[in-house]
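Residue-level listing of the chains:
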Amino acid sequence: MLSPKIIRARLPRTRGITIPLLRPQARNSSYSTNGSSSSSNSLRRSVTIIGLAGVSTPFLWWLMSGTQVQPGGNDKVPYLEEGALPEQGHLGNEYDPRSSLSKKQVTRLISQDAYSFLVKDVAGVNRYDGAQVASNSPCEDRYAHGKIPSPLSLGNYDDGGGGNQQWMAWAVFDGHLGWQTADLLERKLLPFVRRRLERAQLASGVGSNEAVQEAVKQGFTDLDTSIFGTALETTRSSGVPLQEKVERLLPAYAGSCALLSLYDPVTRNVHVACTGDSRAVLAQQLPDGSWEAIPLSIDQTGSNEEETARISREHPGEEGIVKNGRVLGMMVSRAFGDGQWKWPLEVQQDMKRRFHGPEPLTPKYDVRTPPYLTAEPVVTSTRIDPSRASFLIMATDGLWDMLSSQQAVDLVGKWLISSRREDDHTYGQFDFGHFRNGVNWQFVEERATVQDDNAAAHLVRNSLGGNHHELISGRLAFTPPHSRRLRDDMTVQVIFFDGTDPKKRNG
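Right, let's walk through the structure included here. All of these numbers come straight from a predicted model, not from anything done at the bench.

Description of the overall build of the protein chain
Along the protein chain, the regular secondary structure elements total 11 helices and 16 strands. For the protein chain, the residues scored as buried account for 44% of the 507 residues in total. In the protein chain, 74% of the contacts between residues at least 6 apart in sequence involve partners at least 24 apart. When the accessible area of the protein chain is evaluated, it comes to approximately 27200 Å², of which 51% is carbon and sulfur surface.

Below, the structure written as C-alpha cells:
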C-alpha cells in the first residue's frame, strides 16, 4: 500500500488541496437514515496536502475530486458502537436472560411443524398426528401423508360417501449425506408405487396381500433404478447446463431410508414397506388396558443378523463387508441413492473427476462387487382388528435412538387417558456431565409427561427430556452442526384407528 508523505521541499509554492478529515460522530449523536445532519453538528478539519510520494497527478486528482464526504452527510456507512470494555482475560457475562428457552418456547419448537387431521371418509381411520424437529440444517428428513385413490379401483374412484375407493398413505424419509434423496422420495415414491399396484391389478384382477407386497417392492426399486439411470444419462447429455446436471446427480450422491404405510379400508389391511432403519410399530390394547407393541418393520442395519447373512450370500468370498454393525461404513443395509455403495468403481471415479462426486470407498474399504446396498423394502401386511383399540407409530431413527418401541407405545397410551397439564417437577442444576453420573441419556419413565395436544409432539418431547426442562431446553439450544451430537432429525407420525378415539381423552 502506498503511504502518503509530506514533501515540503519539492513543491514549496504549490497551492494546497484541502480534503475533510473524517472524525467519528459524538457518542450521543443520533443516526439519520438519510445521512443528513445540521451543519452546526458537523466536525470539519482541513489539512493541506503538498504531495503524495509515488502517486501521479491524475491519481491525485481522482482521489480528491467529487463531493466531499462529511460526518453526517451522504455517508451511509454504519457506525459500529463500541461495547463495554471487558475485564482483562475474558469477555464478561454476555448472557441475556431473554434468550433462554422458556417452557412455552420449548413447546413452540417442538410443535411448530406439527399437524393433526381428523379422517371422516376412510373407514377404519379416526385421526393422525405428525411432528418434526430438525437437527441438521436444512433438515434431512421428509414426510408425506394423506388420501390416495385406491390403486385397485382401476379409475372408478368415488370421492364421496362410502370411502371404500380411497386408501390412506403415510410415509417418513430419513435422509443422510444430504437432503436431496429424501426430498425426491417425498415427491416421487407414491406415484411409482401406485403405478406398480395398478399394473398388478390389471394383470391379475386380485388384490391379494402377496400381489400388493410385490408391487410395492417393484415400485421402490423402480424409483431407485430411475435415480441412477437419470444420473448416468445426465453425464452423457450435451447442451445441459452444469448446474442442472449437478441437481440431477445429487439424489444419487446422497441417500435416504424410506418407510411407507398404505391402508386399505376394504380389507382393513395396513401394508408397511421399510427400506432402512425407520420403524413402524402397531399398538393394540389388551383386556387389562395395557398396550402391546407389535413391530411391523425391522431395522435394516449392519447389526441385523438376517441382513448380514443376506449380504454375505450376495457377495460370497468377500470378508469384512459388515463390520462393527456397519456395511462398508454405512449404518443401514438398505437405502435409496448412496452411489458410493452401488456404482462400479470406474463410474465413481468418473463422477469424482467430472462432477465432483463423493470420494470412492476405496482404499479404506475393499470394494469388489457393488451394489452393497439395495432399495428393495421388506413389506408386511397386517389386518387392523376393528374390535380392539389400536394405533400405529411411524418414525425415523432420531426418535428410536431415545425410545424403545414399547416405551413409545406406552407413552401414547398414557397420552390417551391423561389430562394435558403443565408439569411442575423440578430438578437440580444440570449439565451434560451428569450423563456419566447416573442420569440416563435416553428416555426414562420418571421423566414422562403429558403436555401436548399432538401425540407425535408428545413423543418428541418425551424422547428429548420430558419433564426435565433443563435437559430438553439444553438439547434444543444446540444449533447445527453441533446439535448432531445431542439429537438427530426426528419425524414422527401417529395414526389412530377406529376404536381409539383421541377426542375422548381428558383435555
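Quick word on the pairing of strand 8 (residues 269-275)
Summarising burial for strand 8: seven of the seven residues are buried, a large majority. Every second residue of strand 8 is oriented toward a common face, with Asn 269, His 271, Ala 273 and Thr 275 on one face and Val 270, Val 272 and Cys 274 on the other, all of them buried. Taken together, the seven bridges between strand 7 (residues 255-264) and strand 8 define a ladder with antiparallel strand orientation. Bridge pairing in strand 8 links Leu 262 to His 271. Between the antiparallel neighbours strand 7 and strand 8 lie four residues, among them Arg 268 with a positive phi of about 60°. In this structure, strand 8 lies alongside strand 14 (residues 378-383), joined through six bridges in antiparallel fashion. Paired with His 271 across the two strands is Ser 381, which belongs to strand 14.

Some thoughts on the pattern of salt bridges
Summed over all chains, the structure comprises 19 salt bridges. Notably, a salt bridge pairs Lys 342 with Asp 224, separated by 2.8 Å at the nearest N-O pair. In this pair, Lys 342 sits in the loop between strand 13 (336-337) and helix 7 (345-355) while Asp 224 sits in helix 4 (residues 209-236), placing the two residues 118 residues apart along the sequence. Residue classification places Lys 342 among the buried positions, given a relative accessible area of 10%. According to the relative accessible area criterion, Asp 224 is buried, its value standing at 9%. Among the salt bridges present, the one from Glu 307 reaches Arg 310, with a minimum N-O distance of 2.8 Å. Of this pair, Glu 307 and Arg 310 both sit in helix 6 (residues 305-314), separated by three residues, roughly a single helical turn. The structure contains a network of salt bridges with shared partners spanning Arg 142, Asp 183, Glu 186 and Arg 187.

Focus: the sheet that holds strand 10 (residues 291-295)
Read across the open sheet, the six strands follow the order 3-4-16-15-9-10; overall the sheet is antiparallel. In the strand order of this sheet, the two ends are held by strand 3 (115-118) and strand 10, each with one partner. Recorded for the sheet is a direction-independent mean angle of 15° between the axes of neighbouring strands. Relative to strand 10, strand 9 (residues 279-285) runs antiparallel, the two being bridged by five bridges. Bridging across to strand 10, Gln 284 finds its partner in Glu 292. With respect to the sheet, helix 9 (residues 405-417) is in contact with strand 4 (125-133), strand 9, strand 10, strand 15 (390-395) and strand 16 (490-497), its orientation differing from that of strand 10 by roughly 140°.

Concerning the side chain of Asp 338
Mapped onto the elements of the fold, Asp 338 is located in the loop between strand 13 and helix 7. We note that Asp 338 is buried and unpaired, the nearest opposite charge coming from Lys 342 at a distance of 5.9 Å. Among the polar contacts made by the side chain of Asp 338, one reaches the side chain of His 176 at a distance of 2.7 Å.

Brief notes about the packing of aromatic side chains
Using the criterion set out here, one finds 16 aromatic pairs in the structure. Taken together, the ring pairs connect Tyr 115, Phe 117, Tyr 128, Tyr 143 and Trp 170 into an aromatic cluster. Positioned above the aromatic ring of Phe 192 is the side chain of Arg 195, whose terminal nitrogen or guanidinium carbon lies 5.1 Å from the ring centre. When the ring centre of Trp 441 is taken as origin, the NZ or CZ atom of Arg 475, which lies over that ring, is 4.8 Å away.

Examining unusual backbone geometry
The residue after Ser 137, namely Pro 138, is reached through a cis peptide bond having omega 0°. With respect to the secondary-structure elements, Pro 138 resides in the loop between strand 4 and strand 5 (141-149). The amide bond that connects Pro 370 to the next residue, Pro 371, takes the cis arrangement and shows omega of 10°. Looking at where Pro 371 falls in the secondary structure, it is placed in the loop between helix 7 and strand 14. A positive phi is found at Arg 268, a non-glycine position, where the angle reads about 60°.

A short note on the packing of helix 9 against helix 10 (residues 455-464)
Where helix 9 contacts helix 10, the axes come no closer than 10 Å and their chain directions differ by 125°. Regarding the angle of helix 9 to helix 10, the classification is oblique. As helix 9 packs across helix 10, the resulting crossing turns out to be right-handed. When helix 9 is examined against helix 10, the residues Ala 408, Leu 411, Val 412 and Trp 415 are found in contact with a partner set consisting of Ala 455, His 458, Leu 459 and Asn 462. Of the residues assigned to the contact of helix 9 with helix 10, the class counts are six nonpolar, two polar and no charged.

Focus on the environment of Asn 462
For Asn 462, the location among the structural elements is in helix 10. For Asn 462, a relative accessible area of 2% translates into the label buried.

Looking at the nonpolar core
The biggest cluster of nonpolar side chains holds 36 residues, and the ones touching the most others in it are Phe 391, Ile 393, Leu 459, Val 492, Val 494 and Phe 496. Setting aside residues up to four positions removed in sequence, Leu 459 forms contacts with Ile 393, Leu 399, Leu 403, Ala 408, Leu 411, Val 412, Val 492 and Val 494. Core analysis: the next-biggest nonpolar cluster, separate from the first, contains 34 residues, Val 212, Leu 223, Leu 260 and Val 379 among them.

Definitions and limits used
Residues numbered from 1 in each chain as written. Predicted model: local features only at pLDDT ≥ 70, side-chain atom pairs only at ≥ 80, totals over all residues. Heavy atoms only, no water. Helix = DSSP H or I, 4+ residues; strand = E, 2+ residues; numbered from the N terminus. Buried < 20%, exposed > 50% of the residue type's maximum accessible area, 1.4 Å probe, protein only. Contact = heavy atoms within 4.5 Å. Areas by Shrake-Rupley, 256 points an atom, 1.4 Å probe, with all protein chains shown as cover. Pairing = 2+ DSSP bridges. Salt bridge = Lys/Arg side-chain N within 4 Å of Asp/Glu carboxyl O. Axes fitted to C-alpha atoms, helices over the stretch in contact; angles between N-to-C directions. Lys, Arg positive; Asp, Glu negative; His and termini not counted. Polar contact = N/O pair within 3.5 Å; in protein donor to acceptor, adjacent residues only side chain to side chain. Phe/Tyr/Trp six-rings, centres within 6.5 Å; stacked < 30°, edge-to-face > 60°. Lys NZ or Arg CZ within 6 Å of the ring centre and 35° of its normal. Parallel < 35°, antiparallel > 145°, perpendicular 65-115°, else oblique. Left-handed = near helix turned anticlockwise from the far one by under 90°. Nonpolar A, V, L, I, M, F, W, Y, C, P; charged D, E, K, R; others polar. Core = buried A, V, L, I, M, F, W, Y, C linked by side-chain atoms within 4.5 Å.

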